[in-house]
Amino acid sequence: MRDALFMGRVTASATHELQNILATIRESSGLMDDLLAMSSEGFAHAERFKKGLTVLAEQVERGMVLTEQLNFCAHAPEKSPAGADINEAVRALVGLSRRDAARRKITLVLAPGRTGLRTSLRAVEVMDAVGAALDAALVALPMGTQLMLSVEEQGGLGVVRLDSPGFEALRATPAWGNLAEVTAALGIGVSAGPGGMGVVLALPRPAA
Amino acid sequence: MNAKDWKILLVDDEREFITTLAERLELRGIPARVAFDGESALEAIAAEEPHVVILDVLMPGIKGLEVLERVKRTNPLVQVLLLTGHGSTRDGIEGMRLGAYDYMMKPLNIDTLIEKMESAIDYAKKAATLAGKTDGQ
């Protein structure tokens with residue numbers, strides 16, 4: 001716990017620096033764009049220049065999304081009296097897991113879920129449990145498929161649902177043992193999704 | 001008021017970022033001064049009473065929120081737009097409580113920044129009228 005909080009502080013500081021770097025790159029490329037717009041006539045490479053600036057802007061956007069997710073991870077071990085926002089934790093995890101999923105040619109989709117749902121767990125614990133379910137699903141799903149995750153309220157509890165593959169196929173994966181261990185330690189209920197498809201994680205409700 | 005008559009102060013210890021932002025504003029006809037720390041920002045505010053201060057929250061020395069508090073005590077009509085990162089939105093919210101006009105996250109969108117500056121200047125003019133004070137323009 002102390003380790004995670006320490007690493008979180010270090011990472012939060014680094015992501016702040018990264019945001020400053022991205023902000024500087026954006027302003028510098030923006031200035032070049034401004035100057036180009038003012039005097040592109042007669043500049044032989046104007047189109048190539050514009051293309052380069054567009055790539056820079058796209059990469060800054062990409063970097064911004066990543067730093068936002070990393071910054072969320074940095075603060076995820078912190079305990080909040082209100083509990084963790086489940087949707088935010090799952091959104092950060094899904095964002096950071098896309099690359100791993102893409103290596104297996106699986107597309108992760110986070111359904112526009114119920115916002116504001118909270119749990120007594122810390123965000124890092126939510127991410128740990130959902131990450132374990134994701135590991136199992138990514139092993140069991142065929143390549144070229146899509147995996148939908150959603151955050152919902154069921155019976156007053158915040159739940160995270162992965163809609164595929166079949167529950168029994170998930171239980172047969174080597175990663176299931178880790179999921180069972182993490183969820184038992186954190187008091188998370190695990191059950192099959194509708195029609196025996198996917199898995200539902202029911203998270204403990206926040207303290208009143 | 002025309003944008004060329006706006007008095008804008010940009011404050012951030014990220015020198016490349018803030019000087020480039022000033023240059024981009026000037027290309028759009030908006031004059032902007034820069035300060036690289038809280039101390040020199042307070043001096044510039046006392047000397048020039050800008051309409052809007054764009055103020056980074058995390059700086060070495062006097063922090064952005066402390067600069068904001070002091071400005072609101074001495075020059076309450078000066079409008080402050082805070083710059084925060086994703087990890088410091090709490091500072092942005094706290095800044096609003098302390099009297100900041102608004103806050104924005106880095107990296108900035110310059111068009112949004114200009115819209116917010118214009119809106120802050122309109123607000124300051126109305127506040128000055130209500131306070132029975134004019135800025136002579």
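Below is a summary of the structure that appears in this document. Note that the structure is predicted; figures quoted are calculated from it, not measured.

Some details on the pairing of strand β4 (residues 79–84) of chain B
Residue and element names in this part refer to chain B.
Consideration 1: Of all the six residues making up β4, six are buried; the element is thus mostly covered by neighbouring parts of the structure.
Consideration 2: Relative to β4, strand β3 (residues 52–56) is paired through five bridges, and the arrangement is parallel. Paired with I54 across the bridge in β4 is L81.
Consideration 3: A crossover connection joins β3 to the parallel β4 through helix α3 (residues 64–74); in handedness this β-α-β unit is right-handed.
Consideration 4: Alignment of β4 against strand β5 (residues 102–105), held across four bridges, turns out to be parallel. Counted as the bridge partner of L82 is Y103 from β5.

Regarding the packing of helix α4 (residues 123–140) of chain A against helix α6 (residues 176–186) of chain A
Residue and element names in this part refer to chain A.
Consideration 1: At a minimum axis distance of 8 Å, the contact between α4 and α6 shows a crossing angle of 155°. The orientation of α4 relative to α6 falls into the category roughly antiparallel. In this structure, α4 crosses over α6, and the sense of that crossing is left-handed. Of the residues in α6, those touching α4 at E125, D128, A129, A132 and A133 are N178, L179, V182, T183 and L186.
Consideration 2: Partitioning the contact of α4 with α6 into residue classes produces six nonpolar, two polar and two charged.

Focus: unusual backbone geometry
Consideration 1: That bond from S164 of chain A to P165 of chain A is cis: its omega, -5°, falls within 30 degrees of zero.
Consideration 2: Position of P165 of chain A relative to the elements: it lies in strand β5 (residues 157–166).
Consideration 3: Residue K106 of chain B is joined to P107 of chain B through a cis peptide bond whose omega torsion reads -10°.
Consideration 4: Locating P107 of chain B in the fold gives a position in the loop between β5 and α5 (110–130).
Consideration 5: Of note, the phi angle at K105 of chain A is positive, near 60°, even though the residue is not glycine.
Consideration 6: Of note, K105 of chain A is situated in the loop between α3 (86–103) and β2 (107–110).
Consideration 7: Although it is not a glycine, E49 of chain B adopts a positive phi angle of roughly 40°.
Consideration 8: Take E49 of chain B: it is sitting in the loop between α2 (38–48) and β3.

Procedures and definitions
Residues numbered from 1 in each chain as written. Chains lettered and ligands numbered in written order. Predicted model: local features only at pLDDT ≥ 70, side-chain atom pairs only at ≥ 80, totals over all residues. Heavy atoms only, no water. Buried < 20%, exposed > 50% of the residue type's maximum accessible area, 1.4 Å probe, protein only. Helix = DSSP H or I, 4+ residues; strand = E, 2+ residues; numbered from the N terminus. Pairing = 2+ DSSP bridges. Right-handed = clockwise from strand over helix to strand, strands pointing away. Axes fitted to C-alpha atoms, helices over the stretch in contact; angles between N-to-C directions. Parallel < 35°, antiparallel > 145°, perpendicular 65-115°, else oblique. Left-handed = near helix turned anticlockwise from the far one by under 90°. Contact = heavy atoms within 4.5 Å. Nonpolar A, V, L, I, M, F, W, Y, C, P; charged D, E, K, R; others polar.

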